[in-house]
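This is what each chain is made of:
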Amino acid sequence: MTAKVTLSFSDETIEEARRFAKREGLSLSAWMDQAAREKALREVFTAHADAVGRAGLDLEAAALADAEESALVDDALFGGRPRAA
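Residues numbered from 1 in each chain as written. Predicted model: local features only at pLDDT ≥ 70, side-chain atom pairs only at ≥ 80, totals over all residues. Heavy atoms only, no water.

### Description of the environment of Lys-4
Stage number 1. Topologically, Lys-4 is positioned in the segment before helix H1 (11-23).
Stage number 2. When the C-alpha positions of Lys-4 and Val-52 are compared, they lie 37 Å apart, and in sequence the two are 48 residues distant. (Helix = DSSP H or I, 4+ residues; strand = E, 2+ residues; numbered from the N terminus.)

As structure tokens, then:
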């Protein structure tokens, strides 16, 4: 579903938006919709990352440790040979 709304932008902002939309082959409306959606997702992901940080979780370190462990298991099982597909 699509809602029609009236928005006001500075001349500079609307000209930049038109230029970016044209460069990406999108209508101005489609480009603005995409830009607003991306901004909303950034806000959600930033809030999530802040919450994870406040909880004292280090997900990056855990992911790196998982990757190292996986590499060790692969080496033990496959002796450095690539896995069969």
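### Describing the packing of aromatic side chains
Given two aromatic rings, their pairing is described by the distance between the two centres and the angle made by the two planes.
Stage number 1. Considering all chains together, one arrives at one aromatic pair under this definition.
Stage number 2. Ring geometry for Phe-20 against Trp-31: centres 5.8 Å apart, planes inclined by 15 degrees, an arrangement best described as stacked. With Phe-20 in helix H1 and Trp-31 in helix H2 (residues 28-54), this pair connects stretches of sequence that are eleven residues apart.
Stage number 3. The class of Trp-31 is buried, set by a relative accessible area of 17%.
Stage number 4. The ring of Phe-20 is capped by Arg-19, whose NZ or CZ atom sits 5.7 Å from the centre of that ring. (Phe/Tyr/Trp six-rings, centres within 6.5 Å; stacked < 30°, edge-to-face > 60°. Buried < 20%, exposed > 50% of the residue type's maximum accessible area, 1.4 Å probe, protein only. Lys NZ or Arg CZ within 6 Å of the ring centre and 35° of its normal.)

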